[in-house]
Amino acid sequence: MRPFCYQSETCVSRLNPRQQEAMEAVSGAVLVLAGAGSGKTSVITRKIAYLIDECGLKGHQILALTFTNKAAREMKERVGQLVQGKAARGLTVSTFHNLGLNIIRRECQALGYRPGFSIFDAQDVLTLLKDLTHKEFEAAEDVCEPIQYQISNWKNDLVSPAQALAGANGPEQVLAARVYEAYEKTLKLYNGVDFDDLILQPVRLFTERPDILDKWQNRVRYLLVDEYQDTNSSQYLLVKQLVGMRANFTVVGDDDQSIYAWRGARPENLAILQADFPSLKVIKLEQNYRSTGRILKVANKLIAHNPHEFEKALWSDKGYGEPVRVISCHNEDAEAERIATEILQAQLQNQGAYKDFAILYRGNHQSRLMEMKLQTYKVPYKINGGQSFFGRTEVKDIMAYLKILLNPADDNAFLRIVNTPRREIGAATLEKLVNYATMRGVSLISASQEVGLKEYMSGNALAKVQEFGEWINGLAEQAERDDPIAAVQQMIRDMEYQDWLLQTSSGPPMAEKRMANVELLVESLKESLEVAVKKNEYADMGDAVARLVLLDILERQEEEDDSDRVQLMTLHSAKGLEYPHVFMMGMEEDLLPHRNSIDEGNVEEERRLCYVGITRARQTLTITLARKRQQFGEMLETTPSRFLDELPEADLEWEGRGDDDPSKNVQQGQATLAGLKGLLDDF
DNA sequence: TCCTTTCGTATTTTT
DNA sequence: TACGAAAGGA
């Protein structure tokens, strides 16, 4: 739970004048430039309440868009506290992708998809691309990642395969464009959409079908967009289409917190907005309710090194606060150890709970050492991000099974699971099946049931393939006819997945854990169907699975975990969060700013990343760096980050600067340890 | 078909 | 160093 209550939720008069202005600007286009910690979520939620209570809008006429499920949930909850009764009914707070999914589901036919279409996640897409490049282009598989990236960019920029091919320069681009074309065809054939399609297809539909657009425009009388700086071109276009001529909307964003440009986000959408809507009202929120004055000064000073479209200076009335500590450690080991002991010490001196501390880093790999040190000092911690639930093979397996139950055309899912667990259906048999299916122009499942297949493969192989297809078809029927959950459970039992896990896991405890994940998956599916029934909605298995792919359901489980633990995460995933005490580690050249960003001339985004990190801190900020770090196997001297030079010297408290004498550091470490021992003894 | 060895390569990742 | 992928051997 993030404390937000610097004022009562229900008391509108306590908004500051700027926030008030933002809330009351209800006609025309409004851009709220909300600095870090300036209460932007508060403005959005209040504004929704204001629209309902004061402007006579109904909940179902309002749409609020976020990027993450978490943000959407949080916003929903807060609005729920502000607006009671049925006026709020039908209010939509959703992610861009969820909105897109809903549009596609509703307008499925007009778009040429069949119900039950699959969502291909990044992993599915990569598998498909590898398959395509291998078969149709005889290209090496390792070109797939850049191609995937390129295709995603094209789709986000609404570039069609033909346009991509026409505009391609160089052989790689030509290849990418060709693969793009084949990819789009195949995806359509599989009745599948990728994440980019969730935005792109609605945009395409709205462009081609003004009648359908009209319908949606009438439904959305007021639109609000959170984290607007993170929108890409197609998302912005979707926003523009939805608001139409009426152009009644509010977008909230902060160009200084744009850290996803590498993922297609277009922070320049902020400036474009001004050009597209000349009457745009721009409101700046500069009062920060989160951090001490000093932290803000440091943050402002840093970000001032970036060029700005909109000038903005954060201030706070929270007092100046403690200096920002910069600790230069002998090496990465000492750095991690130092952070661990610092937290333990503060904890023992009762300076807050573990969960008040966050350790932020640039790359996930930096968490390793940190984890080890926290373990040795028995500091409870939680890692945010890293290997996700959906990265796990068992989850991917079951998801593929679910997808094929719902969407028999999903050959990608078929190929993933046809021989998992082992069914003695090998590469040779599959190739024949694929050839046959291609020739007949049907899905692999259908092909497996056709009589003509027997002329292409041997009796044994044929029997196995037929058996598999029959089994899947039977289950799909069962899922459709009666209880889908029962069908899924039946399926998992039938294929003896538990035994398979036992065989493929490193040991029984591991297998058990993985089976637990599978059960968790089924459980969340069940729950989501039950919720739909309770809300008197049509309990649709396809919808439940789709929401599962969009991570919506499972995140909730993790969120309920409010145990007292130190939070570890990357700077990227820290955006939007805040902690009383923040540690930023690895403040070195080549790490922050990252080597690759320096090479690409993208230091500005790294600076924003650093800015995001600094502005997470409420009370204290500690920056650490290692003078030596193991890079690619060898110990190398590091250079302190250029960003340190950009901070106001007077507000920093250095420790160990220019101190290259290792003995002193060891001593320092021992001193800390001794101190800790004393503290522990007192306990 | 599966297991071992070897080789190559090291960001960030809301959905 | 450390991990994943690809290739090659059993």
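So, a few notes on the structure that sits alongside this text. (Residues numbered from 1 in each chain as written. Chains lettered and ligands numbered in written order. Predicted model: local features only at pLDDT ≥ 70, side-chain atom pairs only at ≥ 80, totals over all residues. Heavy atoms only, no water.)

A few words now on unusual backbone geometry. The omega torsion of the bond from L592 to P593 falls at 5°, within 30 degrees of zero and hence cis. Take P593: it is sitting in the loop between β13 (579-584) and α28 (595-599). Positive phi values are uncommon outside glycine, yet L158 reaches one of about 60°. Among the secondary structure elements, L158 is positioned in the loop between α7 (144-156) and α8 (161-167). (Helix = DSSP H or I, 4+ residues; strand = E, 2+ residues; numbered from the N terminus.)

So, on to the pattern of salt bridges. All chains considered together, the criterion is met by 42 salt bridges. The closest approach of N and O atoms between E227 and K575, which form a salt bridge, is 3.5 Å. Here E227 is found in the loop between β6 (222-225) and α12 (233-243), whereas its partner K575 is found in the loop between α27 (571-574) and β13, with 348 residues between them in sequence. No difference in accessibility class separates E227 from K575, as the two residues are buried. (Salt bridge = Lys/Arg side-chain N within 4 Å of Asp/Glu carboxyl O. Buried < 20%, exposed > 50% of the residue type's maximum accessible area, 1.4 Å probe, protein only.)

Now for the protein's contact with DNA strand B. Taken together, 27 residues form the shell around DNA strand B, and within it R263, R362, R422, T570 and S597 come nearest. Close to the protein, within 4 Å, the atoms of DNA strand B belong to sugar or phosphate groups at a rate of 48%. Interatomic distance of 3.1 Å between a backbone N/O atom of N69 and a phosphate oxygen of DNA strand B. For DNA strand B, a base oxygen lies 2.2 Å from a polar atom in the side chain of R362. For the surface near DNA strand B, the class distribution of residues is eight nonpolar, twelve polar and seven charged. (Near = heavy atom within 4 Å. Polar contact = N/O pair within 3.5 Å; in protein donor to acceptor, adjacent residues only side chain to side chain. Nonpolar A, V, L, I, M, F, W, Y, C, P; charged D, E, K, R; others polar.)

Taken together, the side chains of E519, E523, E527 and E530 define an acidic patch exposed on the protein surface. Within the secondary structure layout, E523 lies in helix α24 (residues 508-534). The partly exposed category is assigned to E523, whose relative accessible area is 42%. (Patch = residues over 30% accessible without salt bridge, like charges linked within 9 Å, V, L, I, M, F, W, Y side chains within 5 Å. Areas by Shrake-Rupley, 256 points an atom, 1.4 Å probe, with all protein chains shown as cover. Lys, Arg positive; Asp, Glu negative; His and termini not counted. Charge placed at Lys NZ, Arg CZ, Asp CG, Glu CD.)

Let us now look at the sheet that holds strand β1 (residues 29-34). In spatial order, the strands read β3-β2-β6-β7-β1-β8; together these six strands make up an open sheet with parallel pairing. The open sheet has two free edges, formed respectively by β3 (92-95) and β8 (281-285), since each of these has just one partner strand. On average, each strand axis in the sheet is inclined to that of its neighbour by 15°, with strand direction left out of account. Where β1 lies against strand β7 (residues 249-253), five bridges are found, and the strand directions are parallel. Paired with V30 across the two strands is T250, which belongs to β7. Seen against the sheet, helix α1 (residues 17-24) touches β1 and β8 and runs at an angle of roughly 145° to β8. (Pairing = 2+ DSSP bridges. Axes fitted to C-alpha atoms, helices over the stretch in contact; angles between N-to-C directions. Contact = heavy atoms within 4.5 Å.)

The subject of this paragraph is the environment of L129. Mapped onto the fold, L129 is located in helix α6 (residues 122-137). Residue L129 is classed as buried on the basis of its relative accessible area of 1%. Residues L129 and L360 lie 231 residues apart in sequence; the distance between their C-alpha atoms is 34 Å. Not counting residues up to four positions away in its chain, the partners in contact with L129 are C144, Q148, I151, V179 and Y183.

Two numbers describe a pair of aromatic rings. These are the distance of the centres and the angle of the planes. The tally for this structure, following the rule as stated, stands at 13 aromatic pairs. Their ring planes at 25° and their centres at 6.5 Å tell us that F357 and F583 sit as a pair that is stacked. One end of the pair, F357, is in strand β10 (residues 357-361); the other, F583, is in strand β13, with 226 residues separating them in the sequence. Centre to centre, the rings of F414 and F468 are 5.4 Å apart; their planes meet at 80°, and the pair counts as edge-to-face. In this pair, F414 is assigned in helix α18 (residues 411-417) and F468 in helix α21 (residues 459-481), connecting sequence segments 54 residues apart. Like F414, the residue F468 is buried in the burial classification. Put simply, the rings of Y401, F414, F468 and W471 pair up and form one aromatic cluster. Across the ring face of Y113, the terminal group of K188 is positioned such that the distance to the ring centre comes to 4.4 Å. (Phe/Tyr/Trp six-rings, centres within 6.5 Å; stacked < 30°, edge-to-face > 60°. Lys NZ or Arg CZ within 6 Å of the ring centre and 35° of its normal.)

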